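Coordinate inspection notes
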Amino acid sequence: MKAQDLRDKTPDQLREELASLKKEAFNLRFQQATGQLESTARMRTVKRDVARVNTILNEKAAAAAE
């Protein structure tokens, strides 16, 4: 997921994306705990995508506050 693609989205769309990413991260953690996780690299990418979405949301909130 590219940061520029996220910047084109509205804050509501970003919140929806964040919710789905967090749900996926939960499922990946659950799979890891039960020994069913096949791709551990996916956990890393999901975690980074969550951070990326949070950063863009904070940027938009700061821009709106000005």
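Only a predicted model underlies this, so the values are computations on that prediction, with no experimental measurement involved.

Side note on the confidence of the model for the protein
- Summing up the model confidence of the protein, the mean pLDDT is 95 and the portion of residues at 70 or higher is 100%.
- Confidence scores differ between elements of the protein, with helix H1 (residues 3-7) showing the lowest mean pLDDT of 93 and helix H2 (residues 11-34) the highest of 97.

Examining the nonpolar core
- Counting 12 residues, the largest nonpolar core consists of Leu 6, Leu 14, Leu 18, Leu 21, Ala 25, Leu 28, Leu 37, Val 46, Val 50, Val 53, Ile 56 and Leu 57.
- Elements that contribute at least two residues to this core include exactly H2 and helix H3 (41-65).
- Apart from the residues within four sequence positions on either side, Leu 57 is in contact with Pro 11, Leu 14, Arg 15 and Leu 18.

Quick look at the side chain of Glu 17
- Among the secondary structure elements, Glu 17 is positioned in helix H2.
- Note on Glu 17: relative accessible area 19%, which makes it buried.
- A polar side-chain atom of Glu 17 sits 3.5 Å from a polar atom in the side chain of Lys 9.
- Setting aside residues up to four positions removed in sequence, Glu 17 forms contacts with Met 1, Lys 9 and Val 53.

Rules and cut-offs
Residues numbered from 1 in each chain as written. Predicted model: local features only at pLDDT ≥ 70, side-chain atom pairs only at ≥ 80, totals over all residues. Heavy atoms only, no water. pLDDT = per-residue confidence, 0-100. Helix = DSSP H or I, 4+ residues; strand = E, 2+ residues; numbered from the N terminus. Core = buried A, V, L, I, M, F, W, Y, C linked by side-chain atoms within 4.5 Å. Buried < 20%, exposed > 50% of the residue type's maximum accessible area, 1.4 Å probe, protein only. Contact = heavy atoms within 4.5 Å. Polar contact = N/O pair within 3.5 Å; in protein donor to acceptor, adjacent residues only side chain to side chain.

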